[in-house]
Amino acid sequence: MMSLFDEVNKLGNESHEKWFNRYFDKHSLEAEIKKAAMQGDGAYRINIEKEPDKYLAKRLSDKRTIDLIKNRLGEGFKVEKIKTESMYTIFGNRMILDRFILISWQSGNGGIEDA
């Protein structure tokens, strides 16, 4: 018999996976990545911090989202959540200036170049 804790975790994971599949398909992420590659880009960015929908921002921030993107895209892609913080602190904490998911891949020139 499954404990309540296990059941709650299972429900949370199933819910997140269903949300992710709908999000991935609705936003045509594969098509957006191909479009970025055709424009000569070596990466595609999904904004989190500037996302006005707080529910969506929360879902995108979840570590499970990174894992699901990696699994959905397959080999060759680097998927990471990046956070930019200010140099200055407020009450001892740095302000978050930007958060986003960066999906990058090897370009035709043999590597991802630094900007």
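Rules of the game
- Think of each chain on its own: its residues are numbered from 1, step by step along the sequence as written.
- Reporting of local features is limited, given that this is a predicted model, to residues whose pLDDT is at least 70; pairs of side-chain atoms are given and counted only at 80 or more, and all residues count toward the totals for whole chains, interfaces and linings.
- The side-chain numbers reported here are obtained from all heavy atoms of the structure, hydrogens and water having been left aside.
- The classification of residues rests on relative accessible area computed with a 1.4 Å probe and restricted to protein chains. Under 20% of the type maximum is buried, over 50% is exposed, and intermediate values are partly exposed.
- Helix and strand assignments follow DSSP, with helices taken as H or I runs no shorter than four residues and strands as E runs no shorter than two, numbered in order from the N terminus.
- Throughout, a contact is declared for two residues whenever any of their heavy atoms are within 4.5 Å.
- Under the rule applied, a polar contact is a pair of N or O atoms within 3.5 Å (in protein, one hydrogen donor and one hydrogen acceptor; residues adjacent in sequence only if both atoms are side-chain atoms).
- Pairing between strands is defined by DSSP: at least two bridges between them are needed.
- All axes here are fitted lines through C-alpha atoms, helices being fitted over the stretch that makes contact, and every angle between N-to-C directions spans 0 to 180 degrees.
- Each Phe, Tyr or Trp ring, with Trp reduced to its six-membered ring, pairs with another whose centre is within 6.5 Å; inter-plane angles below 30 degrees give stacked pairs, above 60 give edge-to-face pairs, and intermediate values give tilted ones.
- Lysine and arginine charges are scored as sitting over a ring when NZ or CZ, respectively, is within 6 Å of the ring centre and within 35 degrees of the ring normal.
- The rule for a salt bridge is simple: a side-chain nitrogen of Lys or Arg has to be within 4 Å of a carboxyl oxygen of Asp or Glu.
- Every angle not falling under 35 degrees, over 145, or within 65 to 115 is termed oblique; those three ranges are roughly parallel, roughly antiparallel and roughly perpendicular.
- Left-handed describes a crossing whose near helix is turned anticlockwise from the far helix by less than a right angle; the clockwise case is right-handed.
- The nonpolar class holds Ala, Val, Leu, Ile, Met, Phe, Trp, Tyr, Cys and Pro. Asp, Glu, Lys and Arg form the charged class, and all remaining residues, Gly among them, are polar.

A. Structural context of helix α3 (residues 54-61). Inspection of α3 places Leu 56, Ala 57, Arg 59, Leu 60 and Ser 61 among the buried residues, and these make up the whole buried set. Packed against the buried residues of α3 are α1 (4-26), β1 (43-47), α4 (63-73), β2 (77-90) and β3 (93-105). The residue sitting at the N-terminus of α3 and contributing the capping side-chain oxygen is Asp 53; that oxygen lies 3.0 Å from the backbone nitrogen of Tyr 55.

B. Structural context of the sheet that holds β3. On the basis of which strands lie adjacent, the open sheet formed by three strands has the order β1-β3-β2 and antiparallel pairing. The open sheet is flanked by β1 and β2, the only strands paired with a single partner. Across the sheet, the axes of successive neighbouring strands diverge by a mean angle of 30°, strand direction being ignored. Of the strand pairs in this sheet, β2 and β3 are connected by eleven bridges, and their pairing is antiparallel. Directly across from Lys 81, in β3, lies its bridge partner Ile 101. Together, β1, β2 and β3 form the strand contacts of α4, whose direction differs from that of β2 by roughly 150°.

C. Representation of the environment of Ser 15 in the model. In this structure, Ser 15 sits in helix α1. For the pair Ser 15 and Ile 96, spaced 81 residues apart in the sequence, the C-alpha separation amounts to 28 Å.

D. Representation of the packing of aromatic side chains in the model. Tallying each qualifying case throughout the model produces four aromatic pairs. Plain terms: the ring middles of Trp 19 and Phe 20 are 6.5 Å apart, the flat faces sit at 55° to each other, and that makes the pair tilted. One aromatic cluster in this structure is built from Trp 19, Phe 20, Tyr 23 and Phe 24. One cation-aromatic arrangement involves Arg 45 over Phe 100; the distance from NZ or CZ to the ring centre is 3.7 Å.

E. Broad picture of the pattern of salt bridges. Scanning all chains against the criterion turns up nine salt bridges. With a shortest N-O distance of 2.3 Å, Arg 45 and Asp 98 are connected by a salt bridge. Note that Arg 45 is positioned in strand β1 and Asp 98 in strand β3, a separation of 53 residues in sequence. Looking at Arg 45, the relative accessible area reads 35%, which means it is partly exposed. Measuring nitrogen to oxygen at the nearest pair gives 3.1 Å for the salt bridge that ties Asp 67 to Lys 63. Of the two residues, Asp 67 and Lys 63 are both situated in helix α4; the distance of four residues between them amounts to about one turn of the helix. Exposure remark for Asp 67: the relative accessible area of 30% places this residue in the partly exposed category. Residues joined in a network through salt bridges with shared partners are Arg 45, Lys 50 and Asp 98.

F. Structural detail: the packing of α1 against α4. Packing of α1 against α4 brings their axes to within 10 Å, and their N-to-C directions diverge by 55°. Judged by the inter-axis angle, α1 sits oblique to α4. Taken as a pair, α1 and α4 cross one another with a handedness that is right-handed. From α1, Gly 12, Asn 13, His 16, Glu 17, Trp 19, Phe 20, Asn 21, Phe 24 and Asp 25 reach across to α4, where they touch Arg 64, Thr 65, Leu 68, Ile 69, Arg 72 and Leu 73. Counted by class, the contact of α1 with α4 contains six nonpolar, five polar and four charged residues.

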